[in-house]
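Close look at the chain arrangement
Each chain is listed here by its residues.
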Amino acid sequence: MAVRRQYAVDLEDGCRLSVSDVGSSKAVGTVVLLHSWAMASRAWDDVIAKIEFISPNIRVIAYDARGHGSSSAAESCDIGGLTDDLVAVLSRLVPSGPIVLVGHAMGGSTMLNLAGRYRELIEERVDGAVFIATPASPLRSVGRRSKTYDVLAKINSLALRRGTIGRMPISVLRQAIRAVGGDGLSRRALDAATSQVVESDPRTMLALLESLVSADLTGAAEAYSGIPVAVMSAGADRLVPPSNSRQISEELDGARHVSVPGSGHFLPIEKPDEIASVIVGAVVDALGANRLSSSAVSGCRE
């Protein structure tokens with residue numbers, strides 16, 4: 001039976017990360033989930049539940065990035081800081097054993113940045129990777145699409161003047177989230193996304209937004225060559241154009257590309273079953289199906 005643990009990881013700079021750790025003593029590998037900008041580890045709840053159902057022998061770690069959810073806020077933060085945090089989490093919580101990294105948007109960008117700064121860690125420790133709605137080239141370069149980010153920056157500036165995102169009218173937040181999430185965003189998914197955005201620190205959000213939209217991670221995916229990689233793009237994503245997220249699979253010969261037509265940017269909330277199936281498929285490719293004793297595994301890559 002899987003054991004659920006909730007605890008904090010203290011970093012050297014005084015930041016405290018809130019961590020959710022689900023797994024059994026028989027876990028054959030660890031999946032580390034990295035959420036997107038303005039979300040929190042709770043965005044993965046339905047995905048984790050599905051992974052448990054498909055194969056209980058997988059340990060799953062999800063943590064709130066600094067300034068998100070229940071983790072400490074940071075007055076200044078960039079993608080480099082998020083990458084250092086990931087390295088700290090891996091070294092402290094997964095010192096040994098197979099690892100499959102999974103990143104949604106900002107989380108995927110952190111994984112790409114890891115390739116540039118800690119390539120040896122990927123070569124020595126990472127056995128598989130899943131990139132979800134992750135940009136490779138700078139989003140500022142995709143023309144009118146960057147207007148979405150300009151709107152988000154204005155919302156964050158307004159929240160900063162008010163002192164907290166929680167003091168902003170909920171209707172304004174929901175309108176912005178719906179604009180990003182796409183026309184098919186359900187009421188349940190909208191509620192879940194809104195509750196996580198409200199928990200975000202506006203100072204961290206604004207600093208990260210500037211860092212993320214200008215990050216040029218073209219070619220970084222090459223460090224993941226030689227291991228199973230899956231790339232997921234959302235057909236109706238208004239934040240990360242599908243053509244941008246597809247760049248990663250184009251850079252990696254043999255990477256599996258999965259398109260989710262009609263879905264918006266919040267794939268882990270909108271399509272948890274599809275996300276979980278792709279993640280378990282990556283684990284199967286990395287470790288071998290015979291190491292995962294679950295009758296449901298055979299269909300997880302269909």
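Residues numbered from 1 in each chain as written. Predicted model: local features only at pLDDT ≥ 70, side-chain atom pairs only at ≥ 80, totals over all residues. Heavy atoms only, no water.

Another aspect to go through is the overall build of the protein chain. Along its length, the protein chain carries eleven helices and eight strands. Of the contacts formed within the protein chain by residues at least 6 apart in sequence, a portion of 78% connects residues at least 24 apart. In the form shown here, the protein chain has an accessible surface area of approximately 12,200 Å², with 48% of it arising from carbon and sulfur atoms. (Helix = DSSP H or I, 4+ residues; strand = E, 2+ residues; numbered from the N terminus. Contact = heavy atoms within 4.5 Å. Areas by Shrake-Rupley, 256 points an atom, 1.4 Å probe, with all protein chains shown as cover.)

Applying the stated criterion across every chain yields a total of zero disulfides. In this structure Cys-15 is a free cysteine whose sulfur lies 8.0 Å from that of Cys-77, the closest cysteine sulfur available. Judged by its relative accessible area of 10%, Cys-77 falls in the buried class. (Disulfide = S-S within 2.5 Å. Buried < 20%, exposed > 50% of the residue type's maximum accessible area, 1.4 Å probe, protein only.)

Before going further, it helps to spend a moment on the side chain of His-265. Positionally, His-265 belongs in the loop between strand 8 (256–260) and helix 10 (267–270). At 2.9 Å, the side chain of His-265 forms a polar contact with the side chain of Asp-237. Sequence-distant contacts of His-265, that is, excluding residues within four places in its chain, are made with His-104, Ala-105, Ala-133, Val-180, Gly-181, Asp-237, Leu-239, Val-240 and Glu-270. (Polar contact = N/O pair within 3.5 Å; in protein donor to acceptor, adjacent residues only side chain to side chain.)

Another aspect to go through is the confidence of the model for the protein chain. Across the protein chain, the average pLDDT comes to 85, with 83% of residues at or above 70. Below pLDDT 50 for its whole length, residues 294–302 participates in 18 contacts with residues either more than four positions away or in separate chains. (pLDDT = per-residue confidence, 0-100.)

The subject of this paragraph is unusual backbone geometry. At Ala-38, a position not held by glycine, the phi torsion is positive, near 70 degrees. Tracing the sequence through the fold places Ala-38 in the loop between strand 3 (29–34) and helix 1 (45–54). In this structure Ala-38 comes out as buried when scored by relative accessible area, which is 7%. Notably, Ala-105 is not glycine yet its phi reads approximately 55 degrees, a positive angle.

Looking at the secondary structure, you find Arg-59 in strand 4 (residues 58–63). For Arg-59, the side chain forms a polar contact with the main-chain oxygen of Leu-93, separated by 3.0 Å. Beyond its immediate sequence surroundings of up to four residues, Arg-59 is in contact with Arg-5, Tyr-7, Asp-21, Val-22, Gly-23, Ala-27, Gly-29, Thr-30, Val-31, Leu-93 and Val-94.

Two measures define how a pair of helices packs: the angle their axes make with one another and the distance between the axes. Packing of helix 1 against helix 11 (residues 272–287) brings their axes to within 8 Å, and their N-to-C directions diverge by 50 degrees. Here helix 11 runs oblique to helix 1, going by the angle between their axes. Relative to helix 11, the crossing made by helix 1 is right-handed. Of the residues in helix 11, those touching helix 1 at Asp-46, Val-47, Lys-50, Ile-51 and Ile-54 are Pro-272, Asp-273, Ile-275, Ala-276, Ser-277, Ile-279 and Val-280. Residue classes in the contact of helix 1 with helix 11 are distributed as eight nonpolar, one polar and three charged. (Axes fitted to C-alpha atoms, helices over the stretch in contact; angles between N-to-C directions. Parallel < 35°, antiparallel > 145°, perpendicular 65-115°, else oblique. Left-handed = near helix turned anticlockwise from the far one by under 90°. Nonpolar A, V, L, I, M, F, W, Y, C, P; charged D, E, K, R; others polar.)

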